[in-house]
Amino acid sequence: RARNEAFFRDYQSGALDMSAFLEFALQPLRDNPMDTLLRWREQFLAEYIEPMMLPAAADLLARHREQGDRLVIITATNRFITEPIAARLGVADLLATEPEIADGQYTGRVAGVTCFREGKVERLQQWCRDAGEDPAQACFYSDSSNDLPLLESVATPCAVDPDPALREAALARGWPIISLRSPA
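From a predicted model like this one, the values you see are computed outputs, not experimental measurements. (Residues numbered from 1 in each chain as written. Predicted model: local features only at pLDDT ≥ 70, side-chain atom pairs only at ≥ 80, totals over all residues. Heavy atoms only, no water.)

Asks: Got a minute to help me understand the sheet that holds strand β3 (residues 105-111) in this structure?
Replies: Reading across the sheet, the three strands line up as β1-β2-β3 and stay open at both edges, with mixed pairing between neighbours. Single-partner strands in this sheet number two, and they are β1 (72-78) and β3. Strand-to-strand twist in this sheet, taken as the mean axis angle between neighbours without regard to direction, amounts to 45°. In the packing of helix α6 (residues 118-131) onto the sheet, contacts are made with β1 and β2 (93-102), and the angle to β2 comes to roughly 105°. (Pairing = 2+ DSSP bridges. Helix = DSSP H or I, 4+ residues; strand = E, 2+ residues; numbered from the N terminus. Axes fitted to C-alpha atoms, helices over the stretch in contact; angles between N-to-C directions. Contact = heavy atoms within 4.5 Å.)

Below, the structure is given as structure tokens:
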């Protein structure tokens, strides 16, 4: 727990060593059988994630769907954790850090480009090329200053319940700032 909290503090301050964090975060995937991992994931989603899902976020997604927008979640969190969350939100397209799998078992390593900071920009650009989408038309919502590279690369950046550094950057750039946690 202490190590996880230290990584989170580093993330919040913009000083996260993503390689060290992923070595730590992917170890349980490597060290446990798939049936155990799936059982733990369902328990985690039910106990921690579903109670955190915000009605205002569902409303925001619904507004984008009504406008005909294609929804994509892009996250540094690994696909094993985020894939069922995206499914619960009804978002089919997910760009996440990809844990490597060999012979049906996680290896503890990352496959491809880590979906963090500039890696998110790279992953989005590749996805747009493959999907025939224009990244210049994208809208991106984030709460973290770690996402500044991606926020700066899209047509419509928006800070959502931002950390202090992102709030400052959004104010300086004239980006919208919204809250999904409290009425605006």
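What follows picks up the thread again.
Asks: Just to check I follow, could you spell out the packing of helix α3 (residues 34-49) against helix α5 (residues 79-89) for this structure?
Replies: For any two helices packed against each other, the geometry comes down to the angle between their axes and how far apart the axes lie. One can describe the packing of α3 onto α5 by two numbers: an axis separation of 10 Å at closest approach and a directional angle of 55°. As summarised for this structure, α3 and α5 are arranged oblique, according to the angle between their axes. Where α3 crosses over α5, the handedness of that crossing is right-handed. Residues Leu37, Leu38, Arg41, Glu42, Phe44, Leu45 and Ile49 of α3 form the contact with α5, whose participating residues are Phe80, Ile81, Pro84, Ile85 and Arg88. In terms of residue class, the contact of α3 with α5 is made up of nine nonpolar, no polar and three charged. (Parallel < 35°, antiparallel > 145°, perpendicular 65-115°, else oblique. Left-handed = near helix turned anticlockwise from the far one by under 90°. Nonpolar A, V, L, I, M, F, W, Y, C, P; charged D, E, K, R; others polar.)

Asks: Explanation requested: the side chain of Thr107 in the structure shown.
Replies: Structurally, Thr107 can be placed in strand β3. The buried category is assigned to Thr107, whose relative accessible area is 15%. Here Glu100 takes part through its side chain, which lies 2.7 Å from a polar atom of the side chain of Thr107. Only 3.1 Å separates the side chain of Thr107 from the backbone nitrogen of Arg109, close enough to count as a polar contact. When near neighbours in sequence (up to four residues on either side) are disregarded, Thr107 contacts Arg30, Glu100, Ile101 and Ala102. (Buried < 20%, exposed > 50% of the residue type's maximum accessible area, 1.4 Å probe, protein only. Polar contact = N/O pair within 3.5 Å; in protein donor to acceptor, adjacent residues only side chain to side chain.)

Asks: When you look at the pattern of salt bridges in this model, what are you seeing that I'm missing?
Replies: Two side chains with opposite charge may pair up if their charged atoms get near one another. A full pass over the atoms with the stated rule returns twelve salt bridges. Ionic pairing is found between Asp93 and Arg70, a salt bridge with its closest N-O pair at 2.9 Å. Of this pair, Asp93 sits in strand β2 while Arg70 sits in the loop between α4 (55-66) and β1, and the two are 23 residues apart along the sequence. Classification of Asp93 as buried rests on a relative accessible area of 17%. Residue Glu98 is joined to Arg79 by a salt bridge in which the shortest nitrogen-to-oxygen separation is 2.8 Å. With Glu98 in strand β2 and Arg79 in helix α5, this residue pair connects regions lying 19 residues apart in the sequence. (Salt bridge = Lys/Arg side-chain N within 4 Å of Asp/Glu carboxyl O.)

Asks: Explain the side chain of Asp147 to me, please; I cannot follow it from the model alone.
Replies: Its location among the elements puts Asp147 in the loop between β4 (139-142) and α7 (148-151). Setting aside anything within four residues of it in sequence, one finds Asp147 in contact with Lys120, Phe140 and Ser142.

Asks: Whenever I open this one, the packing of helix α1 (residues 2-13) against helix α2 (residues 18-31) confuses me. Can you help?
Replies: Two elements in contact, α1 and α2, have axes separated by 11 Å at closest approach and are oriented at 145°. Here α1 and α2 pass one another in a crossing that is left-handed. The segment α1 lies against α2, with Arg3, Asn4 and Phe7 engaging Ala20, Phe21 and Phe24. Split by residue class, the contact of α1 with α2 holds four nonpolar, one polar and one charged.

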